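Analysis of the macromolecular model
Here are the chains, one letter per residue:
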Amino acid sequence: PSAVTDRAATLSPSDDLPFAHLQAQTLGAPAYIGQSAEESRVVEAKDSLDLAAHTQIDIDDPLNSAVSLQRGVSNDGRLTLREVFKGSAPALVTLSGCDTLLADHQGRMGLLFPQAFLAAGAQSVVATLARVSDLAAAVLVKRFYRLLRNHPTGQALRLAALHNRTYFPHPAHWALFSVVGDFR
């Protein structure tokens, strides 16, 4: 997957994630923030999609798990896994919200968002293993997209994590992001 282009999109719908808004504005792609971060904007991303948003995990009906976006005229603001599986995805999807790689509910684990986006056509998905700090995630993702210009996906993420480590020493701020799919 390539770096951010004009065929990319970044969505940050939640007002309680102010650094996610800044992340969206600095990636160089069309940024949809707050009310403009409607679910319908996801289809505008052709090369890469950055979703800096909360997730809702439904362990009993995993296909009902969703990324929380804004409601629009023709959608409910919940990009469910069911919808992702039925749609198409750009080459690179970044999910910088909490718990986007694994779901753990009462001892039951499930792999959710990355598999749906890979099945929909993404080559690589960057996702998180647990809750992440809004500030640390924004810094890491911004650095990741800068590094993608000259490095493969896995190496760009590794270098971004090492960069974060210098400012945020606790592993919770840099070690929770992972690439699923093509890391080259």
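Note that the structure is a prediction, hence the values are computed from the model and not measured.

A short note on the pattern of salt bridges
The full count for this structure, using the stated rule, is 2 salt bridges. Linking arginine 41 and glutamate 44 is a salt bridge whose minimum nitrogen-to-oxygen distance equals 3.3 Å.

A look at the packing of helix H4 (residues 134–147) against helix H5 (residues 153–167)
Relative placement of two packed helices is described by the angle separating their axes and the distance separating the axes. Direction vectors running N to C along H4 and H5 enclose 140°, while the axes themselves pass 8 Å from each other. In terms of orientation, H4 lies oblique with respect to H5. Both H4 and H5 take part in a crossing whose hand is right-handed. Facing H4, whose interface residues are Ala136, Val139, Leu140, Arg143, Phe144 and Leu147, H5 presents Thr153, Ala156, Leu157, Leu159, Ala160, Ala161, His163 and Asn164. The residue makeup of the contact of H4 with H5, split by class, is 10 nonpolar, 3 polar and 1 charged.

Quick look at the sheet that holds strand S6 (residues 78–80)
One open sheet holds the 3 strands; their spatial order is S4-S5-S6, and the pairing between them is antiparallel. Two strands in the sheet have a free side with no partner beyond their single neighbour: strand S4 (55–56) and S6. Relative to strand S5 (residues 66–68), S4 is paired through 2 bridges, and the arrangement is antiparallel. Within the sheet, the bridge partner assigned to glutamine 56 lies in S5 and is alanine 66.

A closer look at the packing of aromatic side chains
Summed over all chains, the structure comprises 1 aromatic pair. Judged by centre distance (5.2 Å) and plane angle (70°), the ring pair of phenylalanine 144 and tyrosine 145 falls under edge-to-face.

Overview of the sheet that holds strand S2 (residues 31–33)
Taken in spatial order, the 6 strands line up as S2-S1-S3-S7-S10-S11 in an open sheet, and their pairing is mixed. The outermost strands of the open sheet, each flanked by one partner alone, are S2 and strand S11 (177–181). On average, each strand axis in the sheet is inclined to that of its neighbour by 15°, with strand direction left out of account. Two elements, strand S1 (residues 9–12) and S2, share 3 bridges in a ladder whose sense is parallel. Of the residues in S2, the one forming a bridge with serine 12 is isoleucine 33. Its contacts with the sheet put helix H1 (residues 18–26) on S1, S2 and strand S3 (48–51), and the angle it makes with S2 is roughly 160°. Against the sheet, H5 engages strand S7 (92–95), strand S10 (124–128) and S11, with an angle of about 175° to S11.

Parameters at a glance
Residues numbered from 1 in each chain as written. Predicted model: local features only at pLDDT ≥ 70, side-chain atom pairs only at ≥ 80, totals over all residues. Heavy atoms only, no water. Salt bridge = Lys/Arg side-chain N within 4 Å of Asp/Glu carboxyl O. Axes fitted to C-alpha atoms, helices over the stretch in contact; angles between N-to-C directions. Helix = DSSP H or I, 4+ residues; strand = E, 2+ residues; numbered from the N terminus. Parallel < 35°, antiparallel > 145°, perpendicular 65-115°, else oblique. Left-handed = near helix turned anticlockwise from the far one by under 90°. Contact = heavy atoms within 4.5 Å. Nonpolar A, V, L, I, M, F, W, Y, C, P; charged D, E, K, R; others polar. Pairing = 2+ DSSP bridges. Phe/Tyr/Trp six-rings, centres within 6.5 Å; stacked < 30°, edge-to-face > 60°.

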